[in-house]
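As a plain string of letters, each chain reads:
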Amino acid sequence: MSSKIIIPIAVIVSVIVTAGVMYAIPFDQEPQIRIVTETLEPEVIYVDKSISEFFDGTNEIKKIASQEELASILEASSMFGGEIFYDTRVVRNMAMDEDMVMFESAENTEAPVPTAEPSVGDGVSKMGGTDYSTTNVQVQNVDEPDYLKNDSKYVYIVSRNTLSIIDAYPAEDAKLILKIALDIESQYIHNMFLNGDRLVIFYNGQSDEEIIPQFDFIPRPSYNPVTHALIVDVSDKENPIILKDYSIDGHFSDARMIGDYAYFVTNSYVNHQYPRLPVIMEDSVRIMTPDAFYFDNVEEFSNFNTLTAIDIFGDTVNSETFLMGYTGSFYVSENNFYLTYQQNMPFGFYENSSRDRFYDVIVPLLPNSIQDQIKSIQNNSSLNTSEQWAKISEMMQDSYNKMDKQEREELFEKIREALNEYDAKIQEDTRKTIIHKISIDEDKIEYVAKGTVPGRLLNQFSMDESGDRFRVATTTEYYIQHEGTVRSNAVYVLDEQLNIVGELEDIAPDESIFSSRFMGDRLYLVTFQQIDPFFVIDLSTDTPKILGELKIPGFSNYLHPYDEEHVIGIGRDTKETDNGRVQQLGVKIALFNVADVSNPKVVDDYIIGDSSTQSEALHNHKAFFFDKTRNVLSIPISADVKSLDDITSSKMFAPDYNRWSGFYVFDLDKTNGFDAKGTITHSDNDWRYYGMNDARTFYIDDVLYTASQGFLKMNSFEDLNEINSIKLENTGKFIDYLEEPAMESEMQPVR
């Protein structure tokens with residue numbers, strides 16, 4: 001590839017809510033205004049104006065050979081986007097909040113509950129329980145990071161800049177055996193993995209480099225975000241040792257662990273003024289620059305998305321980075337890593353939209369005499385743009401005044417219809433999700449394919465891999481000036497190269513997807529706007545079809561499999577008010593029977609509290625606990641005390657604090673539904689209105705463990721009687737940073 005790259009990129013135009021629509025023109029040409037001298041039917045106005053044909057390019061992946069080539073690519077891409085570059089991550093994060101809400105979907109008919117295999121010599125098999133649960137994950141054998149990890153004996157917790165290790169089994173003798181501070185600049189650890197006697201701890205830091213600003217001469221500090229991955233040996237629980245400290249450019253995005261390999265993605269914003277490729281360091285020593293790639297299309301090149309694989313029991317590290325948009329949701333199987341994001345329109349995409357919309361749609365529908373006068377004014381080079389428009393608007397107004405009322409209204413209605421059709425077409429072309437497929441096999445990382453589907457994903461659980469097929473559920477939503485908000489939902493089936501081979505569109509018009517769950521050849525889908533349609537969708541072929549539908553009040557934010565014929569939902573109850581609006585009520589759990597796919601039913605439901613009630617399980621699947629072998633369900637709840645019934649609460653210490661936080665525990669039977677087993681109180685004098693976060697449930701043998709920011713509590717599975725409790729919040733004691741040999745780094749070379 002030559003050092004100077006020219007990318008054939010078009011300046012593309014689209015709809016902004018009230019400003020209108022622009023169309024694509026080459027960046028090296030002046031806009032060509034097409035004047036139509038005869039009245040055309042609205043449907044043919046924009047038939048040759050497909051955004052997709054300009055946007056897609058060849059979509060070929062190309063390697064960036066050097067730092068100089070990176071600068072050339074960014075220089076070429078800037079020619080269609082203007083010279084000013086903004087960090088759009090904040091804006092894009094706001095747009096993707098719904099995408100990042102964490103609910104589940106899975107490829108198995110039962111929820112995968114991974115069990116940690118004790119490593120040889122760590123004493124777990126002799127001292128720990130024989131049966132235990134761990135993190136609630138999406139795909140079996142693909143672990144997900146969390147702030148709390150446990151094996152059959154020990155519980156590991158990272159919070160802020162501390163690591164705590166609790167000897168949790170047997171529960172009667174449970175005790176905190178280590179709370180140690182990590183010397184990190186961010187003070188906030190993201191999460192971790194546990195594998196045998198190894199922890200992988202992730203946190204964000206920053207690099208400290210020097211650059212010379214443009215037209216200056218003095219080097220100045222430049223601070224860029226980096227992600228640290230610490231590999232910690234915890235075989236000696238009282239003296240953990242940091243074996244490796246890897247740092248990778250960019251913010252931590254997400255991670256998975258498969259076998260002995262941890263895979264994680266970091267996002268680093270591209271500095272167009274001082275562009276550089278991401279690097280990987282170990283203990284502040286550069287060990288590699290990942291191979292870098294970009295794509296031959298007109299996407300906004302805003303971020304490097306770096307996928308890194310590390311062997312947590314060895315020295316192997318591999319990484320590749322991709323110049324693309326800011327990634328959102330991920331789906332990871334045992335063999336493939338899927339990165340997704342909303343299609344990013346180039347900078348300048350929305351400029352001058354009213355002008356092109358006027359000449360492309362409105363002018364061709366005006367009477368021929370008006371079109372001729374507009375053309376004459378446009379060809380008058382003695383007038384500037386403002387003067388031209390002043391004459392055009394005056395002429396149009398005079399022409400309208402000469403029409404009778406009916407003729408004028410018919411013309412306006414025809415124009416509105418054409419604008420709606422034009423706007424809808426352009427917005428459908430721009431509201432798309434980009435999917436990148438990357439194969440993973442231990443340290444081998446290989447890019448496979450890129451695909452595009454209409455609409456946006458709700459979250460990682462809107463996706464599923466089954467054999468050589470990849471399935472996604474999306475919502476398309478856009479605003480049309482004369483029509484309002486338009487919504488629709490769809491399911492797409494993609495092949496190995498991410499080509500769409502099957503689709504089911506127009507599911508629940510005017511609704512949005514609130515949760516989805518893939519289970520083998522079925523998709524269970526919940527949409528909501530006024531009422532909760534629960535759909536059963538067949539995916540046994542490349543042509544999805546709706547098998548059954550159930551409409552009930554409320555909605556489910558998260559669906560979890562009970563067995564092949566039953567699905568658990570957690571969301572909210574709702575009611576319609578007198579003015580036609582929908583009011584959200586308490587947290588609602590429901591058990592759906594899908595044995596008769598054409599007639600799904602609600603076996604039972606249970607409503608907790610009122611609109612003040614909150615639960616982390618509504619937006620984080622790791623807070624949801626269900627064990628099929630014991631038929632026990634546990635969810636965290638925080639609510640105003642007065643809205644709750646049958647809570648086990650001690651006397652309140654401060655009457656002004658009227659929030660209760662804890663866990664509701666149920667026996668769950670597929671025939672009889674939910675039987676409230678009891679509650680476990682974590683706080684009954686809480687001032688935090690939105691309640692406790694970091695709520696988790698797990699078990700070891702016959703003990704149910706519940707964790708929050710404040711406590712780790714141990715209760716009997718049988719009757720929920722408390723066995724033990726450990727306070728996790730700050731103790732007020734000194735943490736000695738200077739005399740802590742346990743966390744000294746043992747640096748090893750990478751081979």
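Criteria and thresholds
- Residues numbered from 1 in each chain as written.
- Predicted model: local features only at pLDDT ≥ 70, side-chain atom pairs only at ≥ 80, totals over all residues.
- Heavy atoms only, no water.
- Helix = DSSP H or I, 4+ residues; strand = E, 2+ residues; numbered from the N terminus.
- Pairing = 2+ DSSP bridges.
- Axes fitted to C-alpha atoms, helices over the stretch in contact; angles between N-to-C directions.
- Buried < 20%, exposed > 50% of the residue type's maximum accessible area, 1.4 Å probe, protein only.
- Polar contact = N/O pair within 3.5 Å; in protein donor to acceptor, adjacent residues only side chain to side chain.
- Contact = heavy atoms within 4.5 Å.
- Phe/Tyr/Trp six-rings, centres within 6.5 Å; stacked < 30°, edge-to-face > 60°.
- Lys NZ or Arg CZ within 6 Å of the ring centre and 35° of its normal.
- Patch = residues over 30% accessible without salt bridge, like charges linked within 9 Å, V, L, I, M, F, W, Y side chains within 5 Å.
- Areas by Shrake-Rupley, 256 points an atom, 1.4 Å probe, with all protein chains shown as cover.
- Salt bridge = Lys/Arg side-chain N within 4 Å of Asp/Glu carboxyl O.
- Lys, Arg positive; Asp, Glu negative; His and termini not counted.
- Charge placed at Lys NZ, Arg CZ, Asp CG, Glu CD.
- Expected span 1.5 Å × (residues − 1).

Engineer: Account for unusual backbone geometry, naming residues and giving values.
Structural biologist: Phi is mostly negative for residues that are not glycine, and the peptide bonds are mostly trans. Cis geometry marks the peptide bond from Tyr-169 to Pro-170, where omega comes out at 0°. You can see Pro-170 is positioned in the loop between β6 (162-167) and β7 (175-181). Positive phi outside glycine occurs at Leu-498, with the angle close to 65°. Note on placement: Leu-498 falls in the loop between β25 (484-494) and β26 (500-507).

Engineer: Kindly report on the sheet that holds strand β19 (residues 330-332), identifying the contributing residues and their values.
Structural biologist: Strand order across the open sheet formed by four strands is β19-β20-β21-β22, with antiparallel pairing between neighbours. Among the strands making up the open sheet, the edge pair consists of β19 and β22 (444-454). Sheet twist, expressed as the mean angle between neighbouring strand axes with direction ignored, is 15°. In this sheet, β22 lies alongside strand β21 (residues 432-441) in antiparallel orientation, the contact comprising ten bridges. Each residue of the ladder has a partner; that of Thr-433, found in β22, is Val-453.

Engineer: Before we move on, could you go through the side chain of Asn-715 and cite the residues and values that matter?
Structural biologist: Mapped onto the elements, Asn-715 comes out in strand β41 (residues 711-716). With a relative accessible area of 3%, Asn-715 lands in the buried category. At 2.8 Å, the side chain of Asn-715 and the backbone oxygen of Leu-720 are in polar contact. Among residues more than four places away in sequence, those in contact with Asn-715 are Ile-680, Asp-702, Val-703, Leu-704, Leu-720, Asn-721, Glu-722 and Ile-723.

Engineer: Describe the packing of aromatic side chains, naming the residues involved and giving the relevant values.
Structural biologist: Summed over all chains, the structure comprises 28 aromatic pairs. Geometrically, the ring pair formed by Phe-358 and Trp-389 is edge-to-face, given 5.1 Å between the ring centres and 90° between the ring planes. Here Phe-358 is found in helix α6 (residues 353-362), whereas its partner Trp-389 is found in helix α8 (residues 385-402), with 31 residues between them in sequence. Of the residues examined, Trp-389 reaches a relative accessible area of 42% and is grouped as partly exposed. Taken together, the ring pairs in this structure connect Tyr-606, Trp-660, Tyr-664, Phe-666 and Phe-674 into an aromatic cluster. In this arrangement the basic side chain of Lys-153 is found over the ring face of Tyr-154, its NZ or CZ atom lying 5.5 Å from the centre. Residue placement shows Lys-713 over the ring face of Phe-711; its charged tip is 5.3 Å from the ring centre.

Engineer: An account of a negative patch on the surface is requested, with residue identities and associated values reported.
Structural biologist: Residues Glu-428, Glu-503, Glu-505 and Asp-506 make up a contiguous surface patch of negative charge. Counting residues per element, the negative patch draws most heavily on β26, at three residues. Here Glu-428 shows up in helix α9 (residues 405-430).

Engineer: An account of α9 is requested, with residue identities and associated values reported.
Structural biologist: Between its terminal C-alpha atoms α9 stretches 37 Å, which fits the 38 Å expected from 26 residues at 1.5 Å a residue. Those residues of α9 that sit buried are Leu-411, Ile-415, Ala-418, Leu-419, Asn-420, Tyr-422, Asp-423, Ala-424, Ile-426, Gln-427, Asp-429 and Thr-430. If you check the start of α9, you find a side-chain oxygen 3.3 Å away from the backbone N of Gln-406, and it comes from Asp-404.

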